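Architecture at a glance
Here is how the chains run, residue by residue.
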Amino acid sequence: MRIAVAGGTGTVGRHVVDVVREHGHEAVVLSRSSGVDLVAGTGLDEVLHGVDAVVDVTSVMTQSGKEAVRFFGAVSTNLLAAEARAGVGHHVALSVVGSDRAPVGHYAGKVVQEELVTAGPVPWTLLRATQFHEFAGQLLGQLGFGPVHPVPVMRSQPVAAREVAERLVGLAEAGPAGRVPDLAGPEVLRMTDMVRSYARATGRGGVVIPVPLPGRLGRAFRDGTLVPGPDADRGVQTFARWLAELPG
Ligand SMILES: NC(=O)c1ccc[n+]([C@@H]2O[C@H](COP(=O)([O-])OP(=O)(O)OC[C@H]3O[C@@H](n4cnc5c(N)ncnc54)[C@H](OP(=O)(O)O)[C@@H]3O)[C@@H](O)[C@H]2O)c1
């Protein structure tokens, strides 16, 4: 198969590209650093030629709902229109568990993305996953200043990005399936503990300051809105095992 990976240079996207190649398929990477800007949407027709499936794992680092809606709206609109023109038969989208129950900030963009995909012109599969183990590092990179790491108070059931990538590639291979069971990790953890352990394991040290975020987003972080129900599939790699296996 020829599988295009939108966001193929990102945290989960890199793993998707690896798995696509390990399964003997051809991977086509769509990202700004590989010359494709999906917000502008130019030059897509040429790169989608002969593509069987597109896996969309693009993202924008923002907690502004307006910015997230603009980004995910533009990327999905441009990708789906180009896929329809190129005759791509399958669009695989990755969303976040609970985003529809807290459609604010980043999640406002995910809700718009889901609406565009499920009502769109291309047969689709939609997977929602929980925060990646890697999210601890993303938060540390985003919010840390010096040795002080403010971290939102948040309950999460994190999953390894590699396991999410394996699921996404399996879905791309299997063909359009609509909404599929959520994917979470093996255990519920506190984000503050995850970031503290990540900072220690990567030699950053410092002090984690728990920050209860205000408003609807803060409540969703704290009250388990982003933790899936019992019918979700579970990955096997724990956060501790993932940390222990990080390259030194
Ligand atoms: N992180 C999590 O814990 C988590 C959990 C569940 C679901 N998700 C979802 O998974 C998806 C991927 O998240 P991630 O954390 O892996 O993202 P990420 O590491 O921030 O990577 C984002 C990717 O999007 C590409 N990109 C950004 N702007 C672009 C543009 N204008 N045109 C083309 N490509 C663009 C980036 O490449 P360039 O910079 O080269 O353009 C990069 O490859 C998101 O939809 C997110 O909502 C994330």
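Above this note sits the structure.
Think of each chain on its own: its residues are numbered from 1, step by step along the sequence as written. Where totals are concerned, whole chains, interfaces and linings use all residues; where local detail is concerned, this predicted model gives features only for residues with pLDDT of at least 70, and gives and counts side-chain atom pairs only at 80 or more. Excluding hydrogens and water, the side-chain values take into account all heavy atoms of the structure.

Packing of helix 1 (residues 13-22) against helix 6 (residues 161-174) brings their axes to within 8 Å, and their N-to-C directions diverge by 50 degrees. It follows that helix 1 is oblique to helix 6 by the angle criterion. For the crossing formed where helix 1 meets helix 6, the hand is right-handed. Across the interface between the two elements, His 15, Val 16, Asp 18, Val 19, Val 20 and Glu 22 of helix 1 pack against Ala 161, Arg 162, Ala 165, Glu 166, Leu 168 and Val 169 of helix 6. By the convention adopted, Pro, Cys, Tyr, Trp, Phe, Met, Ile, Leu, Val and Ala count as nonpolar, Lys, Arg, Asp and Glu as charged, and the other residues, Gly among them, as polar. Its residues placed into classes, the contact of helix 1 with helix 6 shows seven nonpolar, one polar and four charged. All axes are obtained by fitting lines to C-alpha atoms, using only the stretch in contact for helices, and the reported angles, taken between N-to-C directions, cover 0 to 180 degrees. Counting from the N terminus, the helices are DSSP H or I runs at least four residues long and the strands are E runs at least two residues long. Relative orientations are named as follows: roughly parallel for angles under 35 degrees, roughly antiparallel for angles over 145 degrees, roughly perpendicular for angles from 65 to 115 degrees, and oblique for any other angle. Whether a crossing is left-handed or right-handed is set by the direction in which the near helix is turned from the far one by less than a right angle, anticlockwise for left-handed and clockwise for right-handed. In what follows, residue pairs with any heavy atoms lying within 4.5 Å of each other are defined as contacts.

This part is about the side chain of Glu 134. Assignment of secondary structure puts Glu 134 in the loop between strand 5 (124-129) and helix 5 (135-143). Summary of the burial criterion: residues with accessible area below 20% of their type's maximum are buried, those above 50% are exposed, and those between are partly exposed, where the area comes from a 1.4 Å probe applied to protein chains only. Asp and Glu count as negative and Lys and Arg as positive, but His and the ends of the chain are not part of the count. Should a side-chain nitrogen of Lys or Arg be within 4 Å of a carboxyl oxygen of Asp or Glu, the pair is scored as a salt bridge. The buried charged residue Glu 134 lacks any salt bridge partner; its closest oppositely charged side chain belongs to Arg 14, at an N-O distance of 7.9 Å. A polar side-chain atom of Glu 134 sits 3.2 Å from the main-chain amide nitrogen of Ala 161. Not counting residues up to four positions away in its chain, the partners in contact with Glu 134 are Thr 11, His 15, Val 159, Ala 160, Ala 161 and Trp 242. Polar contact is defined as a pair of N or O atoms within 3.5 Å, subject to the rule that within protein one atom must be able to donate a hydrogen and the other to accept it, and that residues adjacent in sequence are counted only when both atoms are side-chain atoms.

Here we take up the packing of aromatic side chains. One pair of aromatic rings is described through two measures. These are the centre distance and the angle between the planes. Aromatic pairing here means that ring centres of Phe, Tyr or Trp (its six-membered ring) are within 6.5 Å. Orientation follows from the plane angle: under 30 degrees is stacked, over 60 is edge-to-face, and everything else is tilted. According to the stated counting rule, one finds three aromatic pairs in the structure shown. Ring centres of Phe 71 and Phe 72 lie 5.1 Å apart, and the angle between their planes is 90 degrees; on these two criteria the pair is classed as edge-to-face. A relative accessible area of 17% means that Phe 71 is categorised as buried. Phe 72 sits in the buried class, given a relative accessible area of 0%. Three or more aromatic residues link up through ring pairs in this structure, and these residues are Tyr 198, Phe 239 and Trp 242.

By nonpolar core is meant a set of buried Ala, Val, Leu, Ile, Met, Phe, Trp, Tyr and Cys residues that side-chain atoms within 4.5 Å join together. Core analysis: the largest hydrophobic core is formed by 26 residues, its most contacted members being Val 12, Val 16, Val 55, Leu 94, Leu 127, Val 164 and Leu 168. Secondary structure elements with two or more residues in this core: strand 1 (2-6), helix 1, strand 3 (53-56), strand 4 (91-96), strand 5 and helix 6. Setting aside chain neighbours within four positions, we find Leu 168 in contact with Val 16, Val 55, Val 57, Val 92, Leu 94 and Leu 127. Ranked by size, the runner-up nonpolar core spans 20 residues in total, among them Val 96, Leu 139, Val 195 and Phe 239.

Now for the site of the ligand. The full set close to the ligand counts 28 residues, and Thr 9, Thr 11, Arg 32, Ser 33 and Lys 110 are the nearest of them. The backbone of Gly 10 places a nitrogen or oxygen atom 3.0 Å from an oxygen atom of the ligand. Asp 37 is positioned with one of its side-chain polar atoms (N or O) 3.0 Å from a nitrogen atom of the ligand. The accessible surface values rely on the Shrake-Rupley method and a 1.4 Å probe; as for residues, cover is taken only from the protein chains in view. Compared with its free state, where it exposes 890 Å², the ligand has 89% of that area covered by protein. For the shell around the ligand, the secondary structure elements donating two or more residues are helix 3 (65-86), strand 4, helix 4 (106-118) and helix 5. The element that contributes the greatest number of residues to the shell around the ligand is strand 4, accounting for three residues. Residue composition of the shell around the ligand, grouped by class: twelve nonpolar, 13 polar and three charged. Any residue with at least one heavy atom within 4 Å of a molecule or strand is counted as near it.

Moving on, we get to the environment of Gly 224. When you line up the elements, Gly 224 lands in the loop between helix 8 (215-223) and strand 12 (233-234). Accessibility expressed as a relative area gives 16% for Gly 224, which makes it buried.

Moving on, we come to the pattern of salt bridges. One pass over the full model with this rule turns up eleven salt bridges. Residue Arg 128 is joined to Glu 114 by a salt bridge in which the shortest nitrogen-to-oxygen separation is 2.8 Å. One end of the pair, Arg 128, is in strand 5; the other, Glu 114, is in helix 4, with 14 residues separating them in the sequence. Between Asp 193 and Arg 196 there is a salt bridge, with the nearest N and O atoms lying 3.0 Å from each other. With Asp 193 and Arg 196 both in helix 7 (residues 191-201) and three residues apart, this pair spans about one turn of that helix. Note on Asp 193: relative accessible area 29%, which makes it partly exposed.

It is worth spelling out the environment of Gln 142 at this point. On the secondary structure map, Gln 142 appears in helix 5. Each C-alpha atom, one on Gln 142 and one on Thr 62, is 9.8 Å from the other, the two residues being 80 residues apart in sequence.

Another point: the packing of helix 3 against helix 4. Here helix 3 crosses helix 4 at 25 degrees, and the two axes come no closer than 7 Å. Relative to helix 4, the element helix 3 is oriented roughly parallel. As for the relative orientation of helix 3 and helix 4, their crossing is right-handed in sense. Contacts from Gly 65, Ala 68, Val 69, Phe 72, Gly 73, Ser 76, Thr 77 and Leu 80 in helix 3 reach His 106, Ala 108, Gly 109, Lys 110, Val 112, Gln 113, Leu 116 and Val 117 in helix 4.

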